Amino acid sequence: MDTGVESFEQHRAHLIRVGYRITGSLADAEDAVQEAWLRLAGLDDDARAELRDDRAWLTTVVGRLCLDRLRSAAVRRERYVGPWLPEPLLTNGDADEPLAAVVRDEGVRMAAMVVLERLSPPQRVAFVLHDALALPFSQIGDVLGCSEAAARQHATRARRLVAAADPPPRVHTAEQRAVLGRFAEAISRADGPALLALLHPDAQWVTDSNGKTKAARRTIVGADKLTRLLLGLLDRYGDEMATGWTPVEVNGDLGFRTPAYGGTGPGVTVVTIRDGLITAVYLMVNPEKLEHRPA
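Quick look at the structure, then. (Residues numbered from 1 in each chain as written. Predicted model: local features only at pLDDT ≥ 70, side-chain atom pairs only at ≥ 80, totals over all residues. Heavy atoms only, no water.)

So, about the overall build of the protein. A count of helical and extended segments in the protein gives 13 helices and 7 strands. In summary, the protein has a C-alpha radius of gyration of 20 Å against a globular reference of 19 Å for 295 residues, a match within 12%. Taken along its principal axes, the extent of the C-alpha atoms in the protein is 70 × 40 × 35 Å. For the protein, the proportion of its 295 residues judged to be buried stands at 49%. Long-range contacts, defined as pairs at least 24 residues apart, comprise 65% of the intrachain contacts of the protein with a sequence gap of at least 6. (Helix = DSSP H or I, 4+ residues; strand = E, 2+ residues; numbered from the N terminus. Rg over C-alpha atoms; globule rule 2.2 N^0.38 Å. Buried < 20%, exposed > 50% of the residue type's maximum accessible area, 1.4 Å probe, protein only. Contact = heavy atoms within 4.5 Å.)

Written out as structure tokens, the structure is:
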């Protein structure tokens, strides 16, 4: 294998992680990584010989490309209908699956990705590049087109915002399976007390549809409100909504494929858990974000 191709393939999963964490879009991440490869392949022999660290060089290129995509996306999101969630990364647990190495990274969990949405594009890029590779701030400044001091400041502010948001850490798979099993069972029985007992008092329900399918267009907060919402939907749509919840891995955590019902299209649901309680339910029903699915 050509050494350039070999080097690139060695770093592909890392680059996809970086691109996805910056943009929240697998398609944008893959496009940026492909462009970075074309630029690496296009270097002449002298320029190639001068590269001391392919991983750092490729990460820098992907960072610049994704910064451009993130800025463009920020404009598009102003017209987005309802909450915006990162594209879910669906896997089937196969270690040889292309995304398997990507979703093992704690940083791509949905809870962590949602927090990154609070950052400005420069803050997000500085945080991800420093967190992903500990790139020097002089290099991050080159990506952002700013001074080393400004790059450091972007990362510092981002770190404070992420720390303040305090996303729950990934819990053990056995605990996820137990909590989600009780959640699915409570839904199948339309069991209000059981649902209420599983939800954190400040739990959130966030649905991403972009108006392309029937769905709540505002975040719903509070265990009581979430329970009433679910019971109301179950009362109206019954088995159409309550059955067909199929387990799947979402960004490395356990989640569900959810059925279509009452004008709401099929979707993907993943939850965050802290101390045995569900703190957030993220439901993606925008069909454009459900194109990457495991076999």
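Here the focus is the environment of I220. Position of I220 relative to the elements: it lies in strand β3 (residues 220–221). Classification of I220 by relative accessible area gives buried; the value is 17%. C-alpha separation for the pair I220 and D202, spaced 18 residues apart in sequence, amounts to 9.7 Å. Those residues in contact with I220, other than ones at most four positions away along the chain, are A203, Q204, W205, K225, L226 and L229.

We now examine helix α12 (residues 223–237). In this model α12 runs 21 Å from its N-terminal to its C-terminal C-alpha over 15 residues, within 8% of the 21 Å that 1.5 Å per residue would give. Those residues of α12 lying buried are A223, L226, T227, L230, L233, L234 and Y237. Viewed along the axis of α12, the buried residues span an arc of 135 degrees, placing them on a single side of the element. Turned more than 90 degrees from where α12 packs its buried face, R228, D235 and R236 sit exposed. Those residues of α12 that are buried are in contact with α10 (173–189), α11 (192–198), β2 (199–208), β3 and α13 (239–242). One or two residues past the end of α12 sits G238, with phi positive at roughly 50 degrees. (Expected span 1.5 Å × (residues − 1). Arc of directions from axis to C-beta.)

What follows deals with the pattern of salt bridges. Inspection of the entire model under this criterion finds 15 salt bridges. The salt bridge partner of D131 is R21, with a shortest N-O separation of 2.9 Å. Here D131 is found in helix α7 (residues 121–133), whereas its partner R21 is found in helix α1 (residues 3–23), with 110 residues between them in sequence. Look at D131 and you get partly exposed, because its relative accessible area is 45%. (Salt bridge = Lys/Arg side-chain N within 4 Å of Asp/Glu carboxyl O.)

One way to put it is that α7 packs onto helix α8 (residues 137–144) with a least axis distance of 10 Å and a crossing angle of 145 degrees. The interaxial crossing formed by α7 with α8 has right-handed handedness. On α8, the residues touching P122, V125, A126, L129 and H130 of α7 are F137, I140, V143 and L144. Here the contact of α7 with α8 is built from residues that sort into 8 nonpolar, 1 polar and no charged. (Axes fitted to C-alpha atoms, helices over the stretch in contact; angles between N-to-C directions. Left-handed = near helix turned anticlockwise from the far one by under 90°. Nonpolar A, V, L, I, M, F, W, Y, C, P; charged D, E, K, R; others polar.)

This part takes up the packing of helix α4 (residues 54–77) against α7. Between α4 and α7, the shortest axis-to-axis distance is 10 Å and the interhelical angle comes to 160 degrees. With respect to their mutual orientation, α4 and α7 come out roughly antiparallel. The interaxial crossing formed by α4 with α7 has right-handed handedness. Touching R55, A56, T59, L67, L70 and R71 of α4 are P121, P122, R124, V125, L129 and L133, all from α7. (Parallel < 35°, antiparallel > 145°, perpendicular 65-115°, else oblique.)

A few words on the sheet that holds strand β7 (residues 277–284). Remark on secondary structure: sheet strands pair via backbone hydrogen bonds, oriented parallel or antiparallel. Strand order in this open sheet of 7 strands is β1-β4-β5-β6-β7-β2-β3, and the pairing throughout is mixed. The sheet is open, and its two edges are formed by β1 (90–91) and β3, each paired on a single side. Against the sheet, α10 makes contact with β2, β5 (253–258), β6 (267–274) and β7, and its axis sits at roughly 30 degrees relative to β5, the strand it touches most. Here α12 sits on the sheet in contact with β2 and β3, set at roughly 55 degrees to β2. (Pairing = 2+ DSSP bridges.)

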